[in-house]
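# Geometric and topological summary
Now for the letters of each chain:
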Amino acid sequence: MPADFAKIMLAHDVTHVVFDYDTNMYDELKLLPLTFLVSDYKFRDYLRDRQHPGVEVMYNDLVQRQGLPWLYGSILAVLPRLLPELIVIWFKNRGKKLYWPYFDYEVLFERSLLEIRQEFDILQE
């Protein structure tokens, strides 16, 4: 795996742990906008990283294994439950001043997960 792609994947996986989100479709779709709101990783960064060849291969592999109907069906199935929660997440996190360091998280590894979640106000309700 190329180092730049590994960096993208590892940072994404760390957010799953820190934000306490699973890898199901609901949590994946919730994690991305939350990441934009509470970290220094913004939508423009996502658009840049989405163009990485490794990300494209990963996406194409998912579509080939599961199929587009499954992918879009999974997304549509969770949207009614997800949209109200995304609105709450936006209201709770707009105007944040302290952002989770998306790629530079290693400096926080000496601290407890609870302490990190408290500092960045990313405790689950």
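Residues numbered from 1 in each chain as written. Predicted model: local features only at pLDDT ≥ 70, side-chain atom pairs only at ≥ 80, totals over all residues. Heavy atoms only, no water.

### Looking at the confidence of the model for the chain
So the rule is basically this: The score called pLDDT rates the predictor's confidence residue by residue, from a low of 0 to a high of 100. Here a helix means four or more residues in a row that DSSP labels H or I, a strand means two or more in a row labelled E, and each is numbered from the N terminus.
Of the residues in the chain, 98% reach a pLDDT of 70 or more, and the chain-wide mean stands at 89. Mean pLDDT values for the elements of the chain range from 85 in helix H4 (residues 53-66) up to 92 in helix H3 (residues 43-50).

### A word on the packing of aromatic side chains
The condition that has to hold: Here a Phe, Tyr or Trp ring, Trp counted by its six-membered ring, pairs with any other such ring whose centre lies within 6.5 Å, and the pair is stacked when the planes are under 30 degrees apart, edge-to-face when over 60, and tilted otherwise. Burial status follows relative accessibility: with a 1.4 Å probe on protein chains alone, a residue under 20% of its type maximum counts as buried, one over 50% as exposed, and anything between as partly exposed. When the NZ atom of lysine or the CZ atom of arginine is within 6 Å of a ring's centre and also within 35 degrees of its normal, the charge is said to sit over that ring.
In total, this model carries 10 aromatic pairs according to the counting rule given. Centroid distance Phe-36 to Tyr-46: 6.0 Å. Interplanar angle 65°. Geometry classified as edge-to-face. One end of the pair, Phe-36, is in helix H2 (residues 25-38); the other, Tyr-46, is in helix H3, with 10 residues separating them in the sequence. Owing to a relative accessible area of 17%, Phe-36 belongs among the buried residues under this scheme. Seen in terms of ring centroids, Tyr-41 and Tyr-102 are 4.1 Å apart; in terms of plane orientation they differ by 20°. Their pairing is stacked. Here the residue Tyr-41 occupies a position in the loop between H2 and H3, and Tyr-102 occupies one in the loop between helix H5 (68-93) and helix H6 (113-119), the gap between them amounting to 61 residues. The burial state of Tyr-41 is the same as that of Tyr-102; both residues are buried. Among the aromatic residues, those joined into a ring-pair cluster are Phe-36, Tyr-41, Phe-43, Tyr-46, Tyr-102 and Phe-103. A cation over a ring is seen here: Lys-7 above Phe-103, with NZ or CZ 4.9 Å from the ring centre. The ring of Tyr-59 carries Arg-50 above its face, with NZ or CZ at 4.7 Å from the centroid.

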